[in-house]
Protein chains: 2
Amino acid sequence: MSKSNLFFDVAASLDGFIAPEGMDLAHANDPEFKQWMSQWTKLQNWVFQQQFFRKNLKLSDGGATGSDNRMLEETFNRTGVSIMGKRMFELGERFWPEEAPFHTPVFVLTHQVRKPWERPGGTTFHFINDGIDSALGHARRAAGNRDIRIAGGANVIQQYLNAGLVDEFTIHYSPVFFGHGAQLFSGTNKEVQVKIKQAVASKEVTHITFGVEM
Amino acid sequence: MSKSNLFFDVAASLDGFIAPEGMDLAHANDPEFKQWMSQWTKLQNWVFQQQFFRKNLKLSDGGATGSDNRMLEETFNRTGVSIMGKRMFELGERFWPEEAPFHTPVFVLTHQVRKPWERPGGTTFHFINDGIDSALGHARRAAGNRDIRIAGGANVIQQYLNAGLVDEFTIHYSPVFFGHGAQLFSGTNKEVQVKIKQAVASKEVTHITFGVEM
């Protein structure tokens with residue numbers, strides 16, 4: 001059995017949303033709808049400034065190289081596999097560059113039956129039709145000594161958290177309010193016990209890492 | 001015109017609640033209902049350990065004297081006046097000791113017409129029947145050079161925040177999930193612009209202070 005940790009690592013608005021209202025396939029062509037694109041950009045503003053992120057998405061040279069950047073790079077390096085929900089995948093399929101930014105196997109929870117989809121740069125999407133335990137089993141076999149990241153969305157994170165399967169998680173609190181959207185913790189079981197492992201603040205974002213007590 | 005800042009300072013669960021479900025007048029005698037009392041205690045666990053808090057409530061000598069304690073003491077000392085909602089007051093009327101822990105004027109937003117209620121130790125509750133602007137006007141006149149704290153609950157905080165009247169706020173994120181309860185930021189206007197002023201982490205809680213940009 002692999003010793004990989006299962007974790008998630010998300011940016012959240014102060015009112016607890018990880019995606020704004022309107023950030024979905026129906027409005028992918030309509031960034032003005034509820035200003036979803038500009039809301040999303042505010043949430044991720046700190047990320048777009050970091051050298052590691054810019055390099056990974058081939059945006060441009062340069063970028064910040066402080067503790068925010070180190071954190072992104074460490075999270076990328078520890079990740080051997082990602083798991084994501086169908087809606088996140090569908091939106092990503094539209095927006096990721098051809099060389100998708102994962103560079104590892106990615107297991108997509110979906111009812112759609114589909115052959116693995118291989119992208120240049122080492123990302124292969126596998127489509128899992130039989131639930132979170134099955135996806136986690138596949139992920140453990142593929143992760144090697146690295147960790148397994150639940151990439152999102154909120155609903156998939158919720159399912160793993162409430163099932164007691166998550167080992168730890170990091171929230172990057174961005175100083176922005178969404179009002180509506182996909183809430184990170186709506187419906188979290190209050191029996192889930194967590195402890196603060198680390199909190200780090202930069203000018204633009206506060207990172208808090210929690211360990212889940214089993 | 002007074003130069004007092006208007007602020008709030010609350011402990012929040014990770015899923016964004018500042019009070020658990022069942023923490024209301026109807027269940028004041030029933031701490032087992034939804035385990036509201038034990039949920040509340042988990043949220044405030046770090047507070048009960050601090051020397052300043054214990055002294056102020058005359059609980060016992062001793063207590064922690066680190067940065068969490070200093071933060072509580074500074075918040076108390078800067079506060080010349082508090083403003084609170086009717087439901088918070090009603091519950092406090094039941095649970096505060098005779099010497100209520102404010103030691104300043106407190107303006108209560110309510111429809112109830114009632115004469116000022118003076119408590120030993122310097123706390124006097126004044127009952128305001130004509131809305132948040134009126135309460136703030138009274139508070140400014142009473143605050144002197146000190147600041148004005150919106151004590152709660154969530155609904156009153158929300159009203160002041162959306163009206164653009166709040167200068168800054170501090171959230172103490174406790175590592176606990178409530179699932180249901182009074183949500184701090186439900187209905188916050190997404191036009192409210194904030195910046196991180198300070199983030200401080202201790203073992204039990206992460207304190208983040210935000211400035212509101214007008």
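Note that the coordinates shown come from a computational prediction; the quantities given were computed from them, not determined experimentally. (Residues numbered from 1 in each chain as written. Chains lettered and ligands numbered in written order. Predicted model: local features only at pLDDT ≥ 70, side-chain atom pairs only at ≥ 80, totals over all residues. Heavy atoms only, no water.)

Participant: Pulling in residues and values, what's your account of the sheet that holds strand β11 (residues 206-213) of chain A?
Facilitator: Residues and elements named next belong to chain A. The 9 strands are arranged β5-β6-β4-β3-β7-β1-β8-β11-β10 in an open sheet whose pairing can be described as mixed. The sheet is open, and its two edges are formed by β5 (117-118) and β10 (193-201), each paired on a single side. In this fold helix α4 (residues 67-78) packs onto β1 (6-12), β3 (79-85), β7 (147-152), β8 (168-173), β10 and β11, with an angle of close to 90 degrees to the strand it touches most, β3. (Pairing = 2+ DSSP bridges. Helix = DSSP H or I, 4+ residues; strand = E, 2+ residues; numbered from the N terminus. Contact = heavy atoms within 4.5 Å. Axes fitted to C-alpha atoms, helices over the stretch in contact; angles between N-to-C directions.)

Participant: Describe the relation of the copies chain B and chain A, and please don't skip the residues or the numbers.
Facilitator: These two copies of the chain differ by a rotation about an axis and a displacement along the same axis. Turning chain B through 180 degrees and shifting it by 0.0 Å along the axis lays it on chain A, with an RMSD of 0.0 Å. This pairing of chains is accounted for by a two-fold axis. Closest approach to the rotation axis among the C-alpha atoms of chain B is made by Gly16(B), whose C-alpha sits 3.4 Å away. A high fraction, 100%, of the interface residues of chain B reappear at the interface in chain A, so the copies pair face to face through one surface. (Least-squares fit on C-alpha atoms with pLDDT ≥ 70 in both.)

Participant: For the interface of chain B and chain A, give the residues involved together with the corresponding values.
Facilitator: Facing 33 residues of chain B, the contacting portion of chain A comprises 33 residues. Surface buried jointly by chain B and chain A totals about 2,400 Å² across both partners, of which 63% is contributed by carbon and sulfur atoms. Counting the contacts that link chain B with chain A gives 0 salt bridges. Along the contact surface separating chain B from chain A lie 2 residue pairs in polar contact (both at pLDDT 80 or more). Every element with two or more residues in the side of chain B that touches chain A is listed here: α1 (36-43), β8 (168-173), β10 (193-201) and β11 (206-213) of chain B. The element that contributes the greatest number of residues to the side of chain B that touches chain A is β10(B), accounting for 6 residues. (Buried area = accessible area lost by both parts, 1.4 Å probe. Salt bridge = Lys/Arg side-chain N within 4 Å of Asp/Glu carboxyl O. Polar contact = N/O pair within 3.5 Å; in protein donor to acceptor, adjacent residues only side chain to side chain.)

Participant: Pulling in residues and values, what's your account of the environment of Thr104(A)?
Facilitator: Residues and elements named next belong to chain A. Examined against the element boundaries, Thr 104 turns out to sit in the loop between α5 (86-95) and β4 (105-109). Along the backbone, Thr 104 and Thr 79 are 25 residues apart, and their C-alpha atoms lie at a distance of 8.1 Å. Not counting residues within four places of it along the chain, the set of residues in contact with Thr 104 comprises Thr 79, Gly 80, Val 81, Ser 82, Gly 122, Thr 123, Thr 124 and Arg 146.

Participant: Go over α4(A) with me, naming the residues and quoting the values.
Facilitator: Residues spaced three or four apart along an α-helix face the same direction, because each turn holds 3.6 residues. Residue and element names in this part refer to chain A. Its 12 residues give α4 an end-to-end C-alpha distance of 16 Å, which sits within 8% of 16 Å, the value for a rise of 1.5 Å per residue. Every buried residue of α4 is accounted for by Asp 68, Asn 69, Met 71, Leu 72 and Thr 75. Along the axis of α4, the buried positions cluster into a sector of 160 degrees, meaning they face one direction only. (Expected span 1.5 Å × (residues − 1). Buried < 20%, exposed > 50% of the residue type's maximum accessible area, 1.4 Å probe, protein only. Arc of directions from axis to C-beta.)

Participant: Break down the side chain of Asp9(A) for me, citing the residues and quoting the values.
Facilitator: Residues and elements named next belong to chain A. Mapped onto the fold, Asp 9 is located in strand β1. Look at Asp 9 and you get buried, because its relative accessible area is 10%. In terms of polar contacts, Asp 9 uses its side chain to reach the side chain of His 172, at 2.7 Å. Those residues in contact with Asp 9 that sit more than four places away from it in its chain are Thr 75, Arg 149, Thr 170 and His 172.

Participant: Can you explain the pattern of salt bridges? Please cite residues and give values.
Facilitator: All names here are of chain A. By the definition in use, this model includes 16 salt bridges over all chains. Residues Asp 147 and Arg 78 are paired through a salt bridge, measuring 3.0 Å at the closest nitrogen-oxygen approach. Linking Asp 147 in strand β7 with Arg 78 in helix α4, this pair joins segments that are 69 residues apart in sequence. Exposure remark for Asp 147: the relative accessible area of 12% places this residue in the buried category.

Participant: Account for the nonpolar core, with residues named and values stated.
Facilitator: With 72 residues, the main nonpolar core has Phe8(A), Tyr160(A), Phe169(A), Phe8(B), Tyr160(B) and Phe169(B) as its most contacted residues. Sequence-distant contacts of Tyr160(A), that is, excluding residues within four places in its chain, are made with Leu6(A), Ile83(A), Leu109(A), Ile132(A), Ala135(A), Leu136(A), Ile150(A), Leu165(A) and Val166(A). (Core = buried A, V, L, I, M, F, W, Y, C linked by side-chain atoms within 4.5 Å.)

Participant: How would you explain the packing of aromatic side chains if you had to name every residue and give the values?
Facilitator: Inspection of every chain in the model, using the stated rule, returns 31 aromatic pairs over all chains. Look at Phe89(A) and Trp117(A): their rings are 6.1 Å apart centre to centre, the planes differ by 90 degrees, and that puts the pair in the edge-to-face class. Taken together, the residues Phe89(A) in helix α5 and Trp117(A) in strand β5 connect sequence positions 28 residues apart. Residue classification places Phe89(A) among the buried residues on the basis of a relative accessible area of 3%. Judged by centre distance (4.7 Å) and plane angle (5 degrees), the rings of Phe8(B) and Phe169(B) are stacked. Here Phe169(B) lies in strand β8 and Phe8(B) lies in strand β1 (residues 6-12), a separation of 161 residues in the sequence. Comparing Phe8(B) with Phe169(B), the two get one shared label, buried. Joined through ring pairs, the aromatic side chains of Phe89(A), Trp96(A), Phe102(A), Trp117(A), Phe125(A) and Phe127(A) make up one cluster. (Phe/Tyr/Trp six-rings, centres within 6.5 Å; stacked < 30°, edge-to-face > 60°.)

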